[in-house]
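# Structure at a glance
Each chain is listed here by its residues.
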Amino acid sequence: MKNRIFIFDTTLRDGEQVPGCQLNTVEKIEVAKNLENLGVDIIEAGFPISSPGDLKSVQEITKVIKKPVIAALSRAIKGDIDAAVESLKFAKRKRIHTFISSSDIHIIHQFKSTREKITEQAVEAIKYAKKYAEDVEFSAMDAGRTENKFLAYFIAQAIKAGATTVNIPDTTGYCLPSEFGAKIKYLFNNVPGIEDVIVAVHCHNDLGMATANSIAAVQNGARQLEVTVNGVGERAGNTALEEVVMVLKTREDLNTETNINTQRIYPISRLVSGLMKMPVQANKAIVGRNAFAHSSGIHQNGILKNRLTYEIISPQEVGIKESSLALTARSGRAALAHHLKRLGFKTTPQKLDQIYQQFLVVADKKKEINDNDLRMLMGQSASETGAKIVSIEVTGGFPAKPHATVTLSIKNKIITQKADGNGPVNAAFLAIDKIIKKENKLEEYLVQAVTRGIDDFAKVHVQIDYKGVVYYGLGVDTDVIVASVKAYLDVLNKLK
Ligand code: KIV
Ligand code: ZN
């Protein structure tokens, strides 16, 4: 029988602690509903003592969420626990999660206390929380840097006091996977009563080892993983939900199962990234935009023969429609032929050879070859290949109302449209939407400085959802508005 691993999501607590990522109550409820549909077992909805708004949000979440347990965080202090109790009063299934540090670094320098006093405080807090909830989780903060012998004693006292889940956080992301796995094993061998509770781990990613440490813990008996969507969280973040879930699913030899519907992973990643205004790095495992994009000729050739050659997960398994084969100067004939076929062009091996040589010349100049470039290579004229900028004029600033006038050339026709917006980029995009009527949802808009300095180029990346398929566009210019419009047209010109 497989070992069931419980997924405890703390996107709304540890994840939301990040500056600039705060969500309002309505947004938190939307994330919570999506977490419920994803199948997480526990949602840590907030830290109610931190603000009346946070307490209220936890309460509102408990009113709409039915299946997962809702946890509220509290320090090992009565007032904190009272706030957690108040926030959970409507919950169908509730958990009080209380914590205090166990490492000497924290006990001496932060708490200016002793191991004995901290243990007493932990025990008292757990007993107090037990008056209000049967389900009490206790976390030994900075357990990763806590001496194992004391940690075993500390956890044993927490279990005796009534904790039903004991959490071993690697709060500073310091542990090596072998060391963290050995710590969990040590606790299983040295803590009386540990087999009667759930052992959880909560790893941070300061050295990029959060996922590896969580998996090492599972291999040594941990049964609850504390995670966030996209790995958002304090500093370098928490363990990424999508990573551990897909490790457990992909590596069947671990003999574990979760309740996660993995096809909902990508949609919730986009949702959280959008609401928290936190872009996902392109090469992020599982959910980054390059996670299923193959660019070298050898890899593309392999994928076209059998996707198992270079893909250990199918994109559909995590809710992504399809893998992509980017056309760059590193691509081979196989990928070029694949894309030409997709666009409806018929080629002979000789013709492909000839087009491939021209393709390499263009690809050396342009970073990525798009469908319009391919059409041009196949002899269609520029006027047949999508929209081009003729002129853009925008006004903005304060208190002026942002406005744009955009003129495009499409198949030799010149079309002008005007629009107001909430900013000049928005106004320009709305004007374009009036010209190119392809209703879509802008999922991501990202501006990056290419080099440094005030005379820099802006590189704009846009991502849109059109009829359920995600498309990307890029634009570069010294003018951020022009770069934005180029990126938007780049993506619109790709729509099928
Ligand atoms: O990182 C940490 O130790 C925490 C605890 C509150 C569980 O977030
Ligand atoms: Zn944390």
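It should be noted that the structure appears before, not after, this text.
Here is a short report on the structure shown in this document. Treat the numbers as computed from the prediction; the structure is a model and nothing was measured. (Residues numbered from 1 in each chain as written. Chains lettered and ligands numbered in written order. Predicted model: local features only at pLDDT ≥ 70, side-chain atom pairs only at ≥ 80, totals over all residues. Heavy atoms only, no water.)

## As for the pattern of salt bridges
Applying the stated criterion across every chain, the model contains 28 salt bridges. Residue Arg115 is joined to Glu147 by a salt bridge in which the shortest nitrogen-to-oxygen separation is 3.1 Å. With Arg115 in helix α5 (residues 115-130) and Glu147 in the loop between β6 (136-141) and α6 (148-161), the pair connects residues that are 32 residues apart, well separated along the chain. Taking the relative accessible area as the measure of exposure, Arg115 reaches 25% and is therefore partly exposed. Arg307 serves as the salt-bridge partner of Glu311, at 3.6 Å between the closest nitrogen and oxygen. For Glu311, a relative accessible area of 4% puts it in the buried group. A residue is classified by how much of its surface remains accessible, and Arg307, at 33% relative accessible area, is partly exposed. (Salt bridge = Lys/Arg side-chain N within 4 Å of Asp/Glu carboxyl O. Helix = DSSP H or I, 4+ residues; strand = E, 2+ residues; numbered from the N terminus. Buried < 20%, exposed > 50% of the residue type's maximum accessible area, 1.4 Å probe, protein only.)

## Regarding the site of ligand 1
Near ligand 1 the following residues occur: Arg13, Asp14, Phe99, Ser139, Met141, Asn167, Pro169, Thr171, His202 and His204. Note that an oxygen atom of ligand 1 is positioned 3.1 Å from one of the side-chain N or O atoms of Asp14. Out of a free accessible area of 260 Å², ligand 1 has 95% covered by protein chains. The residue makeup of the shell around ligand 1, split by class, is three nonpolar, five polar and two charged. (Near = heavy atom within 4 Å. Polar contact = N/O pair within 3.5 Å; in protein donor to acceptor, adjacent residues only side chain to side chain. Areas by Shrake-Rupley, 256 points an atom, 1.4 Å probe, with all protein chains shown as cover. Nonpolar A, V, L, I, M, F, W, Y, C, P; charged D, E, K, R; others polar.)

## A closer look at the pairing of strand β14 (residues 403-410)
As paired strands, strand β13 (residues 387-395) and β14 are joined by eight bridges and run antiparallel to one another. Within β14, the position partnered with Lys388 by the bridge is Ser409. Across eight bridges, β14 lies against strand β15 (residues 413-420) in antiparallel orientation. Counted as the bridge partner of Leu408 is Ile415 from β15. Linking β14 to β15, which pair antiparallel, is a turn of two residues; within it Lys411 sits at a positive phi near 45 degrees. (Pairing = 2+ DSSP bridges.)

## Concerning the sheet that holds strand β18 (residues 469-477)
With respect to topology, three strands assemble into an open sheet ordered β16-β17-β18, the strand pairing being antiparallel. At either end of the open sheet lies a strand with only one pairing partner, and these are β16 (441-449) and β18. Averaged over all pairs of adjacent strands, the angle between strand axes in this sheet comes to 15 degrees, irrespective of strand direction. Inspection of the sheet shows β16 paired to strand β17 (residues 458-466) by eight bridges, in the antiparallel sense. In the sheet register, Lys441 faces β17, and the bridge partner there is Asp465. Against the sheet, helix α10 (residues 265-276) touches β16, β17 and β18, its axis set at about 60 degrees to β16. (Axes fitted to C-alpha atoms, helices over the stretch in contact; angles between N-to-C directions. Contact = heavy atoms within 4.5 Å.)

## A closer look at a nonpolar patch on the surface
There is a patch of nonpolar side chains on the surface, built from Leu442, Tyr445, Val447 and Val480 and spanning about 290 Å² of accessible area. Ranked by residues supplied to the nonpolar patch, first place goes to β16 with three residues. Structurally, the position occupied by Tyr445 is in strand β16. Here Tyr445 falls in the partly exposed class, since its relative accessible area comes to 30%. (Patch = residues over 30% accessible without salt bridge, like charges linked within 9 Å, V, L, I, M, F, W, Y side chains within 5 Å.)

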